[in-house]
Amino acid sequence: MNNRQISSTYSFLVFVFFIAGGITASLTLTDFPDIPGNIPLPENYIFVLVPIVLSFFLAMTVLGVFLLPVCSFVCGAFIACQAQGMLSQGKVCGDYRDGCAFLCVLVPAFFVICSGGMQSSALIREALAKAGAQSKTSFRSYILAAVAAGAAVCLAGYIINKI
């Protein structure tokens, strides 16, 4: 395993589970129209940061390799519900501009953190088997990148709420 780069398998796995969650939520809302599709969010959209916080937490665990795809599935379903709810309201574009802008920032940051989190979790599992300096360096570099991505999302959310 190359410890310097995030494995493309992890990125692909996160993407597949994200899309599967979105498709599942869309089909469920189509088959059962009585289920409310739009989950009301608080004004500051802090609830939407839950997938990123959960990804940070799971990235630092040994089971993150197995649980981050599940987190990606749930995040995909949540984003699909939000998007379908916003589009089905039939309002003017400006009425849901803030929500769409925040989701457009959340999704790429989630992919970066989740893909890197799977790599980090694999490194932690590897470090448990053998403690090497190269594993520790890769782990530190991911943590710095993940903190920077999380800070960027928080800053973007603050700016979007102030606009």
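Heads up: the structure comes first, above all this text.
Procedures and definitions
- Residues numbered from 1 in each chain as written.
- Predicted model: local features only at pLDDT ≥ 70, side-chain atom pairs only at ≥ 80, totals over all residues.
- Heavy atoms only, no water.
- Helix = DSSP H or I, 4+ residues; strand = E, 2+ residues; numbered from the N terminus.
- Contact = heavy atoms within 4.5 Å.
- Areas by Shrake-Rupley, 256 points an atom, 1.4 Å probe, with all protein chains shown as cover.
- Core = buried A, V, L, I, M, F, W, Y, C linked by side-chain atoms within 4.5 Å.
- Buried < 20%, exposed > 50% of the residue type's maximum accessible area, 1.4 Å probe, protein only.
- Patch = residues over 30% accessible without salt bridge, like charges linked within 9 Å, V, L, I, M, F, W, Y side chains within 5 Å.
- Salt bridge = Lys/Arg side-chain N within 4 Å of Asp/Glu carboxyl O.
- Axes fitted to C-alpha atoms, helices over the stretch in contact; angles between N-to-C directions.
- Parallel < 35°, antiparallel > 145°, perpendicular 65-115°, else oblique.
- Left-handed = near helix turned anticlockwise from the far one by under 90°.
- Phe/Tyr/Trp six-rings, centres within 6.5 Å; stacked < 30°, edge-to-face > 60°.

Let's shift gears to the overall build of the protein chain. Within the protein chain one finds five helices and zero strands. The secondary structure elements of the protein chain, listed N-terminal to C-terminal, are α-α-α-α-α. Look at the contacts in the protein chain between residues 6 or more apart in sequence, and 83% of them connect residues 24 or more apart. Summed over its atoms, the accessible surface of the protein chain is roughly 9200 Å², and 71% of this surface lies on carbon and sulfur atoms.

A separate point is the nonpolar core. Ranked by size, the top nonpolar core spans 31 residues in total, and within it F18, I52, I79, F110, I113 and M118 carry the most contacts. Setting aside its immediate chain neighbours within four residues, M118 contacts Y10, L13, V14, G64, V65, L68 and P69.

On the surface, F12, L13, F15, V16, F17, I19, I23 and L27 cluster together to form a nonpolar patch covering roughly 690 Å² of accessible area. Among the structural elements, I23 can be located in helix α1 (residues 8-31).

With that settled, the discussion passes to the packing of α1 against helix α3 (residues 64-88). Their axes nearest at 7 Å, the elements α1 and α3 cross at an angle of 45°. Relative to α3, the element α1 is oriented oblique. The hand of the α1/α3 crossing is right-handed. Here L13, V14, F17, F18, A20, G21, G22, T24, A25, S26, L29 and T30 of α1 come into contact with α3, specifically with P69, S72, F73, C75, G76, A77, I79, A80, C81 and Q84.

Attention now moves to the environment of L123. Within the fold, L123 resides in helix α4 (residues 97-129). The exposure class of L123 is buried, given its relative accessible area of 3%. It is 7.9 Å that separates the C-alpha atoms of L123 and S138, two residues lying 15 residues apart in sequence.

This paragraph deals with the packing of aromatic side chains. Applying the stated criterion across every chain, the model contains four aromatic pairs. Consider the rings of F110 and F111, whose centres lie 6.2 Å apart with planes at 65°: the pair is edge-to-face. Of the residues examined, F110 reaches a relative accessible area of 0% and is grouped as buried. Clustering of aromatic rings is evident, with ring pairs tying together F15, F18, F110 and F111.

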